[in-house]
Every structure is written in structure tokens, then in C-alpha cells.
Amino acid sequence: MKSIKKYETIINEALRSALEYDTPEGQINEFISFFGKHIGSDRIYIFEDDEEHHVTNNTYEWCAEGITPQIEHLQGVNMEVIDWWYDTFDEGKSVIISDVEELKGVHQVSYNMLKY
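Residue indices begin from 1 for each chain and proceed along its sequence in written order. Where local features are concerned, this predicted model is filtered to residues with pLDDT of at least 70; where side-chain atom pairs are given and counted, the filter is 80 or more; whole-chain, interface and lining totals use all residues. Each side-chain value is worked out from all heavy atoms of the structure, with water and hydrogens disregarded.

1. Considerations on the domain arrangement of the protein
Phase 1: For the domains described, the bounds stem from an automatic or database domain assignment. If you check the domain split of the protein, you get domain 1 (1-40), domain 2 (41-77) and domain 3 (82-115).
Phase 2: Once you take the C-alpha centre of each, domain 1 and domain 2 turn out to be 18 Å apart.
Phase 3: Each side of the interface is counted separately: domain 1 has 10 residues, and domain 2 has 7 residues.
Phase 4: Taken over both partners, the interface formed by domain 1 and domain 2 buries close to 720 Å², and the fraction arising from carbon and sulfur atoms is 74%.
Phase 5: For salt bridges, the criterion is a side-chain nitrogen of Lys or Arg within 4 Å of an Asp or Glu carboxyl oxygen. The tally of links from domain 1 across to domain 2 stands at 0 salt bridges.
Phase 6: A 3.5 Å cut-off defines polar contacts: any pair of N or O atoms within that distance qualifies, except that in protein one atom must be a possible hydrogen donor and the other a possible acceptor, and neighbouring residues in sequence count only when both atoms are side-chain atoms. Run the count over domain 1 and domain 2 and you get 1 residue pair in polar contact (both at pLDDT 80 or more).
Phase 7: We call Asp, Glu, Lys and Arg charged. Ala, Val, Leu, Ile, Met, Phe, Trp, Tyr, Cys and Pro are nonpolar, and the rest, Gly among them, are polar. Per-class residue counts for the side of domain 1 that touches domain 2 are 4 nonpolar, 4 polar and 2 charged. When checking whether two residues touch, look at their non-hydrogen atoms; a contact exists if any pair is within 4.5 Å. Once two parts are joined, some of their accessible surface, as seen by a 1.4 Å probe, is lost; buried area is that loss totalled over both.

Structure, rendered in C-alpha cells:
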């Protein structure tokens with residue numbers, strides 16, 4: 001329960017910080033940057049689905065210092081590659097990948113995509 005409260009606090013602080021920006025793009029970029037730094041993440045992605053073409057596109061990415069952006073490699077991803085993400089979302093859960101190596105053999109196609 002304590003970790004949930006911690007993340008709620010970080011999310012609220014990230015929202016306050018993001019609201020200092022005038023554009024939606026600025027707000028989103030600030031939010032994921034603030035959140036990523038405070039949870040100690042290497043990167044945070046936001047994907048937007050294009051259901052007409054059955055693909056998803058990485059529209060926002062924040063990377064920690066020293067981490068190479070991969071946004072250009074994550075465009076037009078067939079939704080079947082990450083179908084397990086949608087199953088997780090349907091359960092009301094988030095997809096948090098602590099170590100991409102944990103995907104190897106379990107979600108091999110997703111592993112291959114994210115291994116960069």
C-alpha cells in the first residue's frame with residue numbers, strides 16, 4: 001500500500017509540473033520526463049493505436065541520460081506483436097518491463113522489438 005501512495009504522489013507532482021506548459025505536447029513530454037526521473041526508469045513510451053491499419057505508433061518517448069531513443073524504430077508496430085499488452089490493459093493493469101530479458105522466450109517477438 002505504501003508504494004501505491006508513493007506513485008500517487010509522484011503522479012500528482014508530475015501533473016502539476018506538466019500543467020506549467022501551454023501545449024498538450026509540452027505537457028505530455030514534461031509529465032513522462034518528470035515521472036521517469038522520479039521512478040528511476042530508463043525510458044517511458046506512449047503508443048497510440050491506429051486500429052484502421054491494425055498498428056500502434058510510439059508517439060512520445062522519454063529517455064534517461066545515456067539511453068538512446070528508439071522512437072523511430074517503434075512506428076507501425078503490428079498490434080499482434082504486443083497483443084499481451086492489450087490483455088494486460090483489459091485486466092486493468094499496467095505494462096511495466098523491469099528487465100527486457102525477462103520477455104525472452106515468453107514474448108519473443110516483443111523481446112526482439114524492444115531489445116534495442
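2. Here's the deal with the packing of aromatic side chains
Phase 1: Under the pairing criterion, centres of Phe, Tyr and Trp rings, with the six-membered ring standing for Trp, must be within 6.5 Å; the plane angle then separates stacked pairs below 30 degrees from edge-to-face pairs above 60, leaving the rest tilted. Within the structure shown, the criterion is met by 5 aromatic pairs.
Phase 2: With centroids separated by 6.1 Å and ring planes inclined at 80°, the aromatic side chains of tryptophan 84 and tryptophan 85 adopt a geometry described as edge-to-face.
Phase 3: According to the relative accessible area criterion, tryptophan 85 is buried, its value standing at 8%.
Phase 4: The interplanar angle of 90° and the centroid separation of 6.3 Å between the aromatic rings of tyrosine 86 and phenylalanine 89 together place this pair among those described as edge-to-face. A residue pair is termed a helical-turn pair when its members lie 3 or 4 positions apart in one helix, as tyrosine 86 and phenylalanine 89 do in helix H3 (residues 83-90) at 3 residues.
Phase 5: In this structure phenylalanine 89 comes out as partly exposed when scored by relative accessible area, which is 42%.
Phase 6: Feature note: the residues Tyr45, Phe47, Trp84 and Trp85 constitute an aromatic cluster, connected by ring pairs. Each residue is placed in one exposure class: buried if its accessible area under a 1.4 Å probe, protein chains only, is under 20% of its type's maximum, exposed if it is over 50%, and partly exposed if it falls in between. Only DSSP runs of H or I with at least four residues qualify as helices, and only runs of E with at least two residues qualify as strands; both kinds are numbered from the N terminus onward.

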